[in-house]
Amino acid sequence: NCSYFKHFTPGQSSEIFEVTTQKEYSISAAAIAIFSVGFAIVGTICVLLSFRKKRDYLLKPASMFYTFAG
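All of these numbers come straight from a predicted model, not from anything done at the bench.

Draft legend 1. Here's a closer look at the overall build of the protein chain. What the protein chain contains, in helices and strands, is two helices and two strands. The buried share among the 70 residues of the protein chain stands at 10%. Surface accessibility of the protein chain: about 6,200 Å² in total, with carbon and sulfur atoms responsible for 66%.

Following this line, the structure appears as structure tokens:
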């Protein structure tokens, strides 16, 4: 998507500036968001397993996954 802005200066012809979004940034932002959601899901699974079966050693990996998700 692009939008055009006209810039008028006195005594000169109008110039058209084109502003475009860069697709590389949006694709990388989407990939980072997907990885972040994945880390949050794995951290939630670790927390649920530690509470359900009294396995306290799963809380440390869960905290690391939540940190990576942030």
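There's more to say after this.
Draft legend 2. The arrangement of the environment of cysteine 46 in detail. In this structure, cysteine 46 sits in helix α1 (residues 23–53). On a C-alpha basis, the gap between cysteine 46 and lysine 60 in space is 9.0 Å, while along the polypeptide they are 14 residues apart. Contacts of cysteine 46, omitting those with residues within four sequence positions, involve Leu58, Ala62 and Phe65.

Draft legend 3. Broad picture of the side chain of serine 50. For serine 50, the location among the structural elements is in helix α1. Under the relative-accessibility criterion, serine 50 is labelled buried at 2%. If we ignore the near neighbours within four places in the chain, the residues touching serine 50 are Arg55, Leu58 and Leu59.

Draft legend 4. Spatial organisation of the environment of threonine 44. Checked against the element boundaries, threonine 44 lands in helix α1. With relative accessibility at 33%, the residue threonine 44 sits in the partly exposed group. Separated by 15 residues in sequence, threonine 44 and leucine 59 have C-alpha atoms that sit 9.8 Å apart. Side-chain polar atoms of threonine 44 contact the backbone oxygen of alanine 40, separated by 2.8 Å. Reaching out from threonine 44, the side chain makes a polar contact with the side chain of tyrosine 66 at a distance of 3.0 Å.

What counts, and where the lines are drawn
- Residues numbered from 1 in each chain as written.
- Predicted model: local features only at pLDDT ≥ 70, side-chain atom pairs only at ≥ 80, totals over all residues.
- Heavy atoms only, no water.
- Helix = DSSP H or I, 4+ residues; strand = E, 2+ residues; numbered from the N terminus.
- Buried < 20%, exposed > 50% of the residue type's maximum accessible area, 1.4 Å probe, protein only.
- Areas by Shrake-Rupley, 256 points an atom, 1.4 Å probe, with all protein chains shown as cover.
- Contact = heavy atoms within 4.5 Å.
- Polar contact = N/O pair within 3.5 Å; in protein donor to acceptor, adjacent residues only side chain to side chain.

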